[in-house]
Amino acid sequence: MQVFRFKTGDSVESEVQDFGSSEGAMYLAGGTTMLDLMKLDVLRPDSLVHISSLVHKGIERSKDKILVSAGMTMSDVAEHALIVENFPMVSEALLLSASPQIRNMATIGGNLLQRTRCPYYRDVTYRCNKRETGSGCDAIGGVDRMMAVLGTSEKCIATHPSDLAVSLSALAAVVHAQGARGKRTIPIREFYIAYGEDPIAENILENGELITAIELTIKPAAKNSLYLKVRDRASYEFALSSAAVGLELEEDTIRSASIALGGVGTKPWFVAEVESFFVDRKTTRGTIEKAATRLAKK
Ligand code: FAD
Ligand code: SF4
């Protein structure tokens, strides 16, 4: 691990201003991804800015909106009554992630920005375009069982790892961010980007911009939802594939649907047309199979 400067942030405002001028600076929240990757020599920041005390912790409700602070731990959000009652898929996605110890440390902001688990990315003896632009990709043609099949490019086939991001994509949540140019909101469906030419770029945050909160909207399809995760072992394991599904039902007719897939794409995978396909259809096996075929073709 290379030597680095450690700093506890003063305020969100001052840190997002200072960040750009501090070469090689990175934020540290719960550290459950960051410290792993530093020990593996994959990430080599010159300075680490600890943001745990800066980013507000709490969940607030205003009418049909719920604002979840980015600094809350995965455990606290998973068990919060407002989340369990209104967004079961979010609670389940969190509880099916990692382990209790990690969930007690790891934050919501850090979860959304964790790095891929591609084993070639995590081992510096292999070539990886995501670690070093233009160096090549040893995963292509290598051991690729856990790799993405949707949204891949010739440069990178790494799977997006966050279960939480899949549930938030299904619910079309909104990311609240703050950077040197001020505050802004970003629909999570526009937050992650396709790898394209440079797989190092994974989202549209600017240098030094912080995620401050996640906004969710209470709606029938969110209340009647679940997160299903298929993995190699029952705990402490990333998804081979997963589905976040919410349905607004009137008896056996679907009035609206919120759907995203995980473990299969280079970003949380959603297809708005497939959600619209469900509207006013019956909950039959035929409807589900037709929708699944459309989803796989996109
Ligand atoms: P950190 O490690 O502190 O930071 C991660 C990244 O986010 C860094 O780049 C940091 O700069 C950045 N960052 C953090 N907060 C902010 C912010 N507010 N604004 C801007 N940037 C920020 N995850 C799953 O979803 N599903 C799993 O099944 C799963 N299994 C796991 C199993 C193991 C063994 C381990 C070690 C991890 C697993 N994880 C899983 C990942 C885990 O959920 C993440 O490591 C964790 O959520 C990261 O949060 P953190 O607060 O520790 O982030
Ligand atoms: Fe790196 Fe992506 Fe290739 Fe994995 S798939 S080695 S992350 S470029």
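Residues numbered from 1 in each chain as written. Chains lettered and ligands numbered in written order. Predicted model: local features only at pLDDT ≥ 70, side-chain atom pairs only at ≥ 80, totals over all residues. Heavy atoms only, no water.

Caption draft 1: The arrangement of the overall build of the protein in detail. If you tally the helices and strands in the protein, you get 12 helices and 12 strands. Here the C-alpha radius of gyration of the protein, 19 Å, is about what a compact globule of 298 residues would show, namely 19 Å. Each principal axis of the C-alpha distribution contributes one length, and for the protein these read about 60 × 50 × 35 Å. Burial statistics for the protein: of 298 residues in total, 50% are counted as buried. As displayed, the protein offers around 14400 Å² of accessible surface, 53% of which is attributable to carbon and sulfur atoms. In the protein, 35 positive and 37 negative side-chain charges are present, and the distance between their average locations comes to 3 Å. (Helix = DSSP H or I, 4+ residues; strand = E, 2+ residues; numbered from the N terminus. Rg over C-alpha atoms; globule rule 2.2 N^0.38 Å. Buried < 20%, exposed > 50% of the residue type's maximum accessible area, 1.4 Å probe, protein only. Areas by Shrake-Rupley, 256 points an atom, 1.4 Å probe, with all protein chains shown as cover. Lys, Arg positive; Asp, Glu negative; His and termini not counted. Charge placed at Lys NZ, Arg CZ, Asp CG, Glu CD.)

Caption draft 2: The arrangement of the site of ligand 2 in detail. Among the 13 residues in the neighbourhood of ligand 2, the closest are listed as Cys118, Cys128, Cys137, Cys156 and Ile157. Partitioned by chemical class, the residues of the shell around ligand 2 number nine nonpolar, one polar and three charged. (Near = heavy atom within 4 Å. Nonpolar A, V, L, I, M, F, W, Y, C, P; charged D, E, K, R; others polar.)

Caption draft 3: How the structure looks around the pattern of salt bridges. Tallying each qualifying case throughout the model produces 17 salt bridges. Residue Glu237 pairs with Arg233 through a salt bridge whose shortest N-O separation is 3.6 Å. Between Arg255 and Asp280 there is a salt bridge whose closest N-O contact spans 2.6 Å. Of this pair, Arg255 sits in strand β11 (residues 253-262) while Asp280 is found in the loop between α11 (272-278) and β12 (281-282), placing the two residues 25 residues apart along the sequence. Classification of Arg255 by relative accessible area gives partly exposed; the value is 30%. Three or more residues joined by partner-sharing salt bridges are found here, namely Glu250, Arg255 and Asp280. (Salt bridge = Lys/Arg side-chain N within 4 Å of Asp/Glu carboxyl O.)

Caption draft 4: Up close: the pairing of strand β9 (residues 225-230). Every second residue of β9 is oriented toward a common face, the buried set being Ser225, Tyr227 and Lys229 and the non-buried set Leu226, Leu228 and Val230. Two elements, β9 and strand β10 (residues 241-250), share six bridges in a ladder whose sense is antiparallel. Following the sheet pairing, Val230 is matched in β10 by Ser241. (Pairing = 2+ DSSP bridges.)

Caption draft 5: Region of the structure containing the site of ligand 1. Close to ligand 1 lie 32 residues; Tyr27, Thr32, Thr33, Thr107 and Asp163 are nearest. At a separation of 2.7 Å, an oxygen atom of ligand 1 approaches a polar side-chain atom of Thr107. Protein contact buries 95% of the 980 Å² of open area that ligand 1 shows by itself. At the level of secondary structure, the elements contributing two or more residues to the shell around ligand 1 comprise β2 (25-28), α2 (34-39), α7 (108-112) and β8 (210-217). In terms of residue count, α7 provides more of the shell around ligand 1 than any other element does, three residues in total. (Polar contact = N/O pair within 3.5 Å; in protein donor to acceptor, adjacent residues only side chain to side chain.)

Caption draft 6: Spotlight on helix α8 (residues 163-170). With respect to burial, α8 is a largely interior element, eight of its eight residues being buried. All of the buried residues along α8 are Asp163, Leu164, Ala165, Val166, Ser167, Leu168, Ser169 and Ala170. Backbone nitrogen of Leu164 and a side-chain oxygen of the N-cap are separated by 3.3 Å at the start of α8; the cap is Ser162. A positive backbone phi angle near 50 degrees is found at Ala172, which sits one or two residues after α8.

Caption draft 7: Representation of the sheet that holds β2. The three strands are arranged β1-β3-β2 in an open sheet whose pairing can be described as parallel. Edge positions in the open sheet fall to β1 (5-8) and β2, since each of these has one partner strand only. Taken pair by pair, the neighbouring strands of this sheet meet at an average axis angle of 25 degrees, ignoring direction. One ladder, built from four bridges, connects β1 with strand β3 (residues 47-50); its direction is parallel. Paired with Phe6 across the bridge in β3 is Leu48. (Axes fitted to C-alpha atoms, helices over the stretch in contact; angles between N-to-C directions.)

Caption draft 8: Quick look at the packing of helix α5 (residues 88-95) against α8. Between α5 and α8, whose axes approach to 8 Å, the crossing angle comes to 170 degrees. Between α5 and α8, the interaxial angle falls into the category roughly antiparallel. Read as a crossing pair, α5 and α8 show a hand that is right-handed. Between α5 and α8, the contacting residues are Met89, Val90, Ala93 and Leu94 on the first element and Asp163, Leu164, Ser167, Leu168 and Ala170 on the second. (Parallel < 35°, antiparallel > 145°, perpendicular 65-115°, else oblique. Left-handed = near helix turned anticlockwise from the far one by under 90°. Contact = heavy atoms within 4.5 Å.)

Caption draft 9: How the structure looks around the side chain of Ser153. Its place among the elements puts Ser153 in the loop between α7 and α8. Residue classification places Ser153 among the buried residues on the basis of a relative accessible area of 18%. A polar atom in the side chain of Ser153 sits 3.0 Å from the backbone nitrogen of Lys155. The residues contacting Ser153, other than those within four sequence positions of it, are Ile140, Tyr195 and Gly196.

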